[in-house]
Amino acid sequence: MSIIRESDLPGIGKKFLIQARSGDKLVVVIHDDGRRELYHFEDDDPEETISQITLEDDEARQIAGIIGGMTYKPKALETIEVTLEDLIIEWARIEPHYKCVGQSIAGLQVRQRTGANVLAIVNKKEQKINPGPDDILTAGSTLVLAGERKQIKQLKELLLNG
């Protein structure tokens, strides 16, 4: 399992040291002004930086979406779910025959009727992270859902049957 160590940098922000299973070490410094600095270290020499990059807040969020699978999900992972205690994060594709097509999140009363959340709406041309209640669901979109297993099941039924 990878190891993540977090430490405060007073007056600067936070530092995260990630040691991957491969042995690679990555340090991420998140500055209070939103900038991120990433440092990749030699696994046997913690003082030897292999590479370093600085990202603005919006760039870091785009990369987080890419790494987190918001823009592309390998075919083998289409039905995967990530479990954290009782929290399930799952992807659901909206097919053209679903009753939810053309309706808003608020109109479906997603949260009230299921208790689950729509974290993102991903289309071929765009992604909307943390969509609002007025966002309309369209055929071909993939939703990133979060909730307990029972809530996710209810939300999928709501998408299909309205």
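These numbers come from a predicted model, not from an experiment.

Participant: Could you give an account of the nonpolar core, with specific residues and numbers?
Facilitator: One recurring pattern in soluble globular proteins is that nonpolar side chains are buried together. In this structure, Val-118, Leu-137, Leu-143, Leu-155 and Leu-159 are the most contacted members of the largest nonpolar core, which totals 17 residues. When contributions to this core are tallied by element, the ones reaching two or more residues are strand S7 (87-93), helix H2 (105-108), strand S8 (117-122), strand S10 (142-147) and helix H4 (149-161). Among the elements that make up this core, the one with the highest residue count is H4 (four residues). If we ignore the near neighbours within four places in the chain, the residues touching Val-118 are Ile-105, Val-110, Pro-131, Leu-143, Val-144, Leu-145 and Leu-155.

Participant: Talk me through unusual backbone geometry; I want residue IDs and the actual numbers.
Facilitator: Not every positive phi belongs to a glycine, and Gln-109 is a case in point at roughly 55°. Here Gln-109 shows up in the loop between H2 and helix H3 (110-114).

Participant: Any chance you could break down the pattern of salt bridges for me, citing the residues and the numbers?
Facilitator: One pass over the full model with this rule turns up eight salt bridges. Between Arg-35 and Asp-33 there is a salt bridge; the shortest N-O distance is 3.0 Å. The class for Arg-35 is partly exposed, based on a relative accessible area of 25%. Residue Asp-33 is classed as exposed on the basis of its relative accessible area of 54%. Lys-128 is the salt-bridge partner of Asp-135, the closest N and O atoms lying 3.6 Å from each other. Overall, Lys-128 belongs to the partly exposed group, its relative accessible area being 39%. Where salt bridges share partners, they join Glu-6, Asp-8 and Lys-14 into one cluster.

Participant: Quick rundown of the pairing of strand S3 (residues 25-31)? Include the residues and the values.
Facilitator: Counted residue by residue, S3 has five buried out of seven residues, so it is predominantly covered. Note that strand S2 (residues 13-19) and S3 share seven bridges and pair antiparallel. Across the sheet, residue Gln-19 finds its bridge partner in S3, namely Lys-25. Remark: five residues form the turn of the hairpin made by S2 and S3, two consecutive strands paired antiparallel; Gly-23 in that turn has positive phi of roughly 100°. Here S3 runs beside strand S4 (residues 36-41); their pairing, made up of six bridges, is antiparallel. Across the sheet, Leu-26 pairs through a bridge with His-40, a residue of S4. Between S3 and S4, which pair antiparallel one after the other, the connecting turn spans four residues, and Gly-34 there sits at a positive phi close to 100°.

About the thresholds
- Residues numbered from 1 in each chain as written.
- Predicted model: local features only at pLDDT ≥ 70, side-chain atom pairs only at ≥ 80, totals over all residues.
- Heavy atoms only, no water.
- Core = buried A, V, L, I, M, F, W, Y, C linked by side-chain atoms within 4.5 Å.
- Buried < 20%, exposed > 50% of the residue type's maximum accessible area, 1.4 Å probe, protein only.
- Helix = DSSP H or I, 4+ residues; strand = E, 2+ residues; numbered from the N terminus.
- Contact = heavy atoms within 4.5 Å.
- Salt bridge = Lys/Arg side-chain N within 4 Å of Asp/Glu carboxyl O.
- Pairing = 2+ DSSP bridges.

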